[in-house]
Amino acid sequence: MMETERLVLPPPDPLNLPLRAVELGCTGRWEVLNVSGAPESTLPHGLPPCAPDLQQEAEQLFLSSPAWLPLHDVEHSARKWQRKTDPWSLLAALGAPVPSDLQAQRHPTTGQILGYKEVLLENTNLSATTSLSLRRPPGPISQSLWGNPTQYPFWPGGMDEPTITDLSTREEAEEDIDFEKDLLTVPPGFKKGMDFAPKDHPAPAPGLLSLSRLLEPLDLGGDEDESETVGQPGGPRGDTLSASLCDAPLARASSLEDLVLKEASTVVCPVEPPKPPPQEEWAIPVDVTSPVGDFYRLIPQPAFQWAFEPDVFQKQAILHLEQHDSVFVAAHTSAGKTVVAEYAIALAQKHMTRTIYTSPIKALSNQKFRDFRNTFGDVGLLTGDVQLHPEASCLIMTTEILRSMLYSGSDVIRDLEWVIFDEVHYINDAERGVVWEEVLIMLPDHVSIILLSATVPNALEFADWIGRLKRRQIYVISTVARPVPLEHYLFTGNSPKTQGELFLLLDSRGAFHTKGYYAAVEAKKERMSKHAQTFGAKQPTHQAGPAQDRGVYLSLLASLRTRAQLPVVVFTFSRGRCDEQASGLTSLDLTTSSEKSEIHLFLQRCLARLRGSDRQLPQVLHMSELLHRGLGVHHSGILPILKEIVEMLFSRGLVKVLFATETFAMGVNMPARTVVFDSMRKHDGSTFRDLLPGEYVQMAGRAGRRGLDPTGTVILLCKGRVPEMADLHRMMMGKPSQLQSQFRLTYTMILNLLRVDALRVEDMMKRSFSEFPSRKDSKAHEQALAELTKRLGALEEPDTTGQLVDLPEYYSWGEELMETRNMIQRRIMESVNGLKALSVGRVVVVQNQVHHNALGVILQVSSNSSSRIFTTLVLCEKPMLEDPQDKEAATPDVPHPDDLVGFKLFLPEGACDHTVAKLQPGDVAAITTKVLRVNGEKILEDFSKRQQPKFRKDPPLAVVTTAVQELLRLAQAYPAGPPTLDPVNDLQLKDVSVVEGGLRARKLEELVRGAQCVHNPRFPAQYLKLRERMQIQKEIERLRFLLSDQSLLLLPEYHQRVEVLRTLGYVDEAGTVKLAGRVACAMSSHELLLTELMFDNALSALKPEEIAALLSGLVCQSSGDPGDQLPSTLKQGVERVCAVAKRIGEVQVACGLNQTVEEFVGELNFGLVEVVYEWARGMPFSELAGLSGTPEGLVVRCIQRLAEMCRSLRGAARLVGEPVLGAKMETAATLLRRDIVFAASLYTQ
């Protein structure tokens, strides 16, 4: 049997297997299917194609592997292709965007294209350098935060954006002609002309005859349909005709001339009196007395929730924030205004928008940054030298930085929903208050405003200004309630009898206790010697020495400690006194051992960031010793890091007694149990004065910790004497200072607005708070102007032909004569001799609302606080039983020459009567030369007696009758007025205006006497027409002036400052900002001086440390002599800076500004030149103290501001194209920024 041979077959092909593999995408995953077939893929095989990196390929081919290079002639391996020059390519410009597009016009039913229409496109070429619109594309990312001085700001809210026609400027030679209204209808030289108006046009101008209109009412046999149209009441001509003829029926006439006369004498319908415009309410007060019961129903999901229940005023503010309203919150210190700010920040985070929180001082910005960062997390800080988290939804900055961002067109403004202004009452600051007004004016329309302020009496007025400015309602939420009521005491001294006694002066309910005041006075008298046993503000102040101060404070603090009324803040209005008082309490120790340990650890942790020599500074060692004993000092002379240490320890309750100046009361909520005033007088920079009520309330409000103390204690020390009760009452219970405008023009503001064509400096001035009282009625003025213009057009022209040709001149002569006499009389009443002449018995001419040129005799002269009062016996009519309105309706008098030249004295038509009137100086029209002998007291006594009902019918005494008869005799003897005292010869007034006024009055009297118009019988009627017309024109001119730019208070100064800029070459004749002006826009302060120094190359040749030392004269606040130890280059530099400043000051004086050259140069203080020079060269801060007596805190502040100025100069140098100066300014800023001067704030760590 044959053996079967086994065949070995090859393995089957994968394609023949009953399986199929499928690749899923490009991830490398496979899936097997039980179906035979070739492998497949859901995507093309392999990874997605990608081009090789050309840079890597070139580096690998030509740099990393030089094997391809030839071994010989390597220099020939490099190849170069010569580029062909094409000069014409430099002239190529990008094509302008297409300004219009073609839009198809289709049939509304079929959609068929009927034609094409050209449509103008908007926003085709917007950019940050050409447009103020929010629709412009954002700028570069590097400039999104700070903007750029060359960029335009966004359009300010409340201003009307100009249209294309407004921006298109006409050339001067081009006339503005309206071809429908301005064409002549009367040829020159002709009296009458043609009327080309259509039939339905209103009545033609006077002097024109419309033949078609005259024939229109006549039935001339026209078409039937046409006559029906005319007669129909709804027809167009029927309406016009009835309106023009005042619905008067047309009488039949026998000839056309009668109709012409009828037309010419048609009476114009009386114009209705203008309706008063509706009163606009922009500031809406909110009632905070009624509780908000439905708060959680209206806001079921608040954006932020607190651990406590908000107060009523806080709930009211939150309700308006939810409605995106702007609010003004005025409340006392520690009342909880920050709650409103916190809710706005949370609301912006919820809406994914941004909030800016502004504060007046940098230290407050740092404190708020710490508080808000702990609450919200997403918070940034922008100050002059610190920039933390600029991308955050809430940015905290000073108001000056926000102003710079607004002018520079920062893109942060796009996402902005809220701007919170804290401590708004800081707008009263004379130097920096203008910044608040600029920011409020420049904010765009989409930004809502939150204003937080201490209580001010004119909150409604201020909110009304902002509401009118932004054209949005501002809700005013004001509360005077204190969460912790205050009690005010007097402390008289440290005698055994009174060392523990406090005299209550003002209790928690606001009642003033005179009993406590007199008790304090008696206690003080017992301690003073016999020669000083007086009190009151008029007595010399008893000066207390350091030893007595120490005794007073030791006894006071011991008393407060036993009563558990620590911690205490002692407000002293002098840096030196603060240091003396704290240093004098060497025996006082207020801390326990555990508190000392906590203070020591905190100090070590905070001072560890300083270098070794800085930790050994005398101020640091002295402050550490004070803090260990529970004492602290806080004023501007303290190093910033030490001030922050004191603040943090005080907020923890470890500083028991804090001696501070007024700046501690500004800003963050750091209350104490007790507040002590070292004195009630302070030096405000020019003189010593008592504290203002607003200042006292601001500092006293630090007393009382909410939730810890039932009441806060305020103590006023009486070291030398007890102040007068009136002064104490005014300080404690008086109204706080009103918010007042400190708006002024600065060169930076003018240049920033001049570089933008659409914005005008006049518009900024119009919208300032200082112009608000005169501008708030502009809408009413516009309506009144329109009504008066309409009335003027409806008045009939007076006839000034023939003998009446000089009627207008006669009217103007009479008006000028009255004004000249009034001016002379005012000068007489202001002069000493004029008032002396107004003695008892002098006969005067009385002119006021009651008496018209009536004779009177002075009975008594008395003076009040403002002016003198003359009690005078005056002639008058016997009272008749008639309606007083009938007298007012009498026809007005027409002045004839005799009336104008003299006084046309009042003569009673019937029985003569008399009255006694109290006259102001303005009521005396003339002082006569006549003097009567009268008994003033007797006359006054008799007259007052006869005013009583039961003596009213008694006859007057003989002295009264005699005086009245003498006055009546004078009035009859001199109908044009008795002779008056000559102001030059009799009263010895040698003023030029009085002498010239007298000459002019005599000239006008001659002209009035020679007038011809008064002889015409139609003179009275035509004069009344002219007077009515002239009075309306005068009122129209007044309203136009009030609405124009010419009424602006600062307009003359604006023209003067523009002339300064034009003279220095910052703007050209057309007002265009040149390169120097754009550089000045980049400066934060002293813009003219810095720009002139830069363009004069006064800084380029100096070293960086020398530049920094010279520039310290621009930022230093303490005056002093630069010293003789300066290098020669610095001495020459100081002289050159002063020379440039003198040149600028001379230009200002030449252009009319009232700042003298000495005042302008005196703003520079070179007292720290040597200190800054040595600091920039690397000298340790511990060695700087011996170079100057300036407090360390002021030195640090000067160097910090100097670094900011160096940075702005660096940006300006780059703008001009000065890389060398830019590099030097960068180096100077780097040299300054080191060690303790620029130690990071503890609040930002």
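Residues numbered from 1 in each chain as written. Predicted model: local features only at pLDDT ≥ 70, side-chain atom pairs only at ≥ 80, totals over all residues. Heavy atoms only, no water.

Caption draft 1: View of the overall build of the protein. Tallying secondary structure elements over the protein gives 44 helices and 28 strands in all. For the protein, the residues scored as buried account for 44% of the 1245 residues in total. At a minimum sequence separation of 6, the contacts of the protein that also span at least 24 residues come to 71%. When the accessible surface of the protein is totalled, it reaches about 67400 Å², and 54% of it is carbon and sulfur. (Helix = DSSP H or I, 4+ residues; strand = E, 2+ residues; numbered from the N terminus. Buried < 20%, exposed > 50% of the residue type's maximum accessible area, 1.4 Å probe, protein only. Contact = heavy atoms within 4.5 Å. Areas by Shrake-Rupley, 256 points an atom, 1.4 Å probe, with all protein chains shown as cover.)

Caption draft 2: Summary view of the environment of Ser1044. Within the element layout of this structure, Ser1044 appears in the loop between helix 34 (1019–1043) and helix 35 (1051–1064). Since its relative accessible area comes to 23%, Ser1044 is described here as partly exposed. Measuring from C-alpha to C-alpha, the distance between Ser1044 and Glu762 comes to 9.8 Å, with 282 residues separating the pair along the chain.

Caption draft 3: Seen up close, helix 41 (residues 1169–1176). Summarising burial for helix 41: eight of the eight residues are buried, a large majority. Considered for burial, the residues of helix 41 that qualify are Val1169, Glu1170, Val1171, Val1172, Tyr1173, Glu1174, Trp1175 and Ala1176. Where the residues of helix 41 are buried, they touch helix 38 (1104–1115), helix 39 (1128–1150), helix 42 (1181–1184), helix 43 (1192–1216) and helix 44 (1219–1232). A positive phi of about 110 degrees marks Gly1178, the residue just after helix 41.

Caption draft 4: The nonpolar core, seen in detail. Membership of the largest hydrophobic core comes to 218 residues, with the highest contact counts inside it found for Phe328, Phe421, Phe462, Leu490, Ile645, Phe677 and Phe1181. By residue number, the principal contributor to this core is helix 43, which donates eleven residues. If near-sequence neighbours (up to four positions away) are discounted, Phe421 is found in contact with Thr358, Trp436, Val439, Leu440, Leu443, Ile449, Ile450, Leu451 and Leu452. Counting 41 residues, the second-largest nonpolar core is a separate cluster that includes Leu838, Val844, Ala854 and Leu855. (Core = buried A, V, L, I, M, F, W, Y, C linked by side-chain atoms within 4.5 Å.)

Caption draft 5: View of the sheet that holds strand 8 (residues 354–359). The nine strands lie next to each other as 6-14-7-13-12-8-11-9-10, forming an open sheet whose pairing is mixed. The open sheet has two edge strands with one neighbour each: strand 6 (283–285) and strand 10 (387–388). Here strand 12 (residues 416–421) runs beside strand 13 (residues 448–453); their pairing, made up of four bridges, is parallel. Within strand 13, the residue paired with Ile420 across the bridge is Ile450. Its contacts with the sheet place helix 9 (residues 338–351) against strand 7 (326–330), strand 8, strand 11 (394–398), strand 12 and strand 13, and it is angled at close to 170 degrees to strand 12. Along the sheet face, helix 11 (residues 399–407) touches strand 8, strand 9 (379–382), strand 11 and strand 12 and points at about 105 degrees away from the line of strand 11. (Pairing = 2+ DSSP bridges. Axes fitted to C-alpha atoms, helices over the stretch in contact; angles between N-to-C directions.)

Caption draft 6: A look at the sheet that holds strand 17 (residues 568–571). Taken in spatial order, the seven strands make up an open sheet running 16-15-23-20-17-19-18, and their pairing is mixed. Only two strands of the sheet have a single partner each, and these edge strands are strand 16 (503–506) and strand 18 (631–634). Each neighbouring strand pair of the sheet contributes to a mean axis angle of 25 degrees, computed without reference to strand direction. For strand 18 and strand 19 (residues 657–660), the ladder comprises four bridges, and the chain directions are parallel. Looking at the pairing, His634 lines up with Ala660 of strand 19. The strands that helix 21 (residues 693–700) touches are strand 15 (486–491), strand 17, strand 20 (674–677) and strand 23 (712–717); relative to strand 20, the one it contacts most, it runs at about 140 degrees.

Caption draft 7: Structural detail: helix 38. In a regular helix each residue adds 1.5 Å, so twelve residues correspond to 16 Å; helix 38 covers 17 Å between its end C-alpha atoms and thus fits that length. Most of helix 38 is tucked away: twelve of the twelve residues are buried. (Expected span 1.5 Å × (residues − 1).)

Caption draft 8: Geometry of the environment of Asp422. Tracing the sequence through the fold places Asp422 in the loop between strand 12 and helix 12 (433–442). Remark: the alpha-carbon pair of Asp422 and Pro360, spanning 62 residues in sequence, is separated by 7.5 Å. With residues up to four places along the chain from it excluded, the contact list for Asp422 reads Tyr357, Thr358, Pro360, Leu364, Lys368 and Leu452. Polar contacts involving the side chain of Asp422 include one to the side chain of Tyr357, which spans 2.4 Å. (Polar contact = N/O pair within 3.5 Å; in protein donor to acceptor, adjacent residues only side chain to side chain.)

Caption draft 9: Up close: the packing of helix 12 against helix 13 (residues 459–470). Two elements in contact, helix 12 and helix 13, have axes separated by 9 Å at closest approach and are oriented at 35 degrees. Where helix 12 abuts helix 13, its residues Glu437, Leu440, Ile441 and Met442 lie against Phe462, Trp465, Ile466, Leu469 and Lys470. By residue class, the composition of the contact of helix 12 with helix 13 is seven nonpolar, no polar and two charged. (Nonpolar A, V, L, I, M, F, W, Y, C, P; charged D, E, K, R; others polar.)

In short, geometric facts, not functional conclusions.
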